[in-house]
Structures are given as C-alpha cells and as structure tokens.
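Remarks on the overall topology
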Amino acid sequence: MRAFLRHLRAEPPRSASYRGANYVPLKPWQVRGRRFTRRGRRGVDAVEVAEFLDRVAHDLAEVYAALGSSRRETERIKDALKCWQSRRAREGLAARR
C-alpha cells in the first residue's frame, strides 16, 4: 500500500486535455487514504495539497459532466419512447375503426 501511495505522489499532475494513456482516475479510497508530507511545525506541504485538490476537482468535474450527459441521454430515450407509444396507440385506434 505504501509503495502504491508513493507511486501516486511521484506522478506529476497532468493537464486535463492531454493526459497520458496510463492516467488512472482517482478512486474514493485513494482520496480517503491520502496522506501528505509533514513539514515540521508548519503542517503539510501546500503545493502537494494544491496539486491533489486540483486532481480531485478535475475528476469530479468529469464525473458531473458524465452524469449530465447520462441524464440528457435518458431524457432523449424517454421522449422517443413516449413518441413511439403515442404513435402505436394512434395506429391501434385507427385499426379498430
């Protein structure tokens, strides 16, 4: 586990548009288990914390974008289903006459 966390710490943050193929989005357990380097009495390394927060914010933005896209697709499918059901109902009424 420590080796894995060291690997995460060693990776430089990547630009949102030009990620490498080996980029792996953060998992919830990684966020919860993240520990930062202590800097004596002054607390943690501010740069390290800022980089991590940028990465978390980017991953969250991607999740919310995917969720919005999924909701739009769901609405599109629901509307198509309603149209299809209405058409079938009209065709059924016309056939009975």
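Residues numbered from 1 in each chain as written. Predicted model: local features only at pLDDT ≥ 70, side-chain atom pairs only at ≥ 80, totals over all residues. Heavy atoms only, no water.

1. As for the overall build of the protein
Assigned secondary structure in the protein consists of 3 helices and 0 strands. In sequence order, the secondary structure elements of the protein are arranged as α-α-α. Sorting the 97 residues of the protein into buried and exposed places 12% on the buried side. Here the analysis covers contacts within the protein between residues at least 6 apart in sequence; of these, 57% occur between residues at least 24 apart. Roughly 8300 Å² of accessible area belongs to the protein as shown, and the carbon and sulfur atoms make up 57% of that amount. (Helix = DSSP H or I, 4+ residues; strand = E, 2+ residues; numbered from the N terminus. Buried < 20%, exposed > 50% of the residue type's maximum accessible area, 1.4 Å probe, protein only. Contact = heavy atoms within 4.5 Å. Areas by Shrake-Rupley, 256 points an atom, 1.4 Å probe, with all protein chains shown as cover.)

2. Focus on the layout of surface pockets
The volume enclosed by the second largest pocket comes to roughly 170 Å³. Along the walls of the second largest pocket sit P25, L26, K27, P28, V31, V56, D59, L60, E62 and V63, which together make up its complete lining. Per-element tally for the lining of the second largest pocket: the top contributor is helix α3 (residues 46–96), with 5 residues. Grouping the constituent residues of the lining of the second largest pocket by class yields 7 nonpolar, no polar and 3 charged. (1 Å grid on protein atoms, 1.4 Å probe; cavity = no way out; pocket = protein on both sides within 12 Å on 5 of 7 lines; lining within 4 Å. Points joined across faces, edges and corners; volume = space filled by probe spheres on them. Nonpolar A, V, L, I, M, F, W, Y, C, P; charged D, E, K, R; others polar.)

3. Quick look at the pattern of salt bridges
Throughout the structure, instances matching the rule amount to 3 salt bridges. Here E73 and R76 are joined by a salt bridge, their closest N and O atoms 2.7 Å apart. You can see E73 and its partner R76 sitting in helix α3, 3 residues apart, about one turn around the helix. Salt-bridge contacts for E75 lead to K78; the nearest nitrogen and oxygen are separated by 4.0 Å. Taken together, the positions of E75 and K78, both in helix α3 and 3 residues apart, correspond to about one turn of that helix. According to the relative accessible area criterion, K78 is partly exposed, its value standing at 43%. (Salt bridge = Lys/Arg side-chain N within 4 Å of Asp/Glu carboxyl O.)

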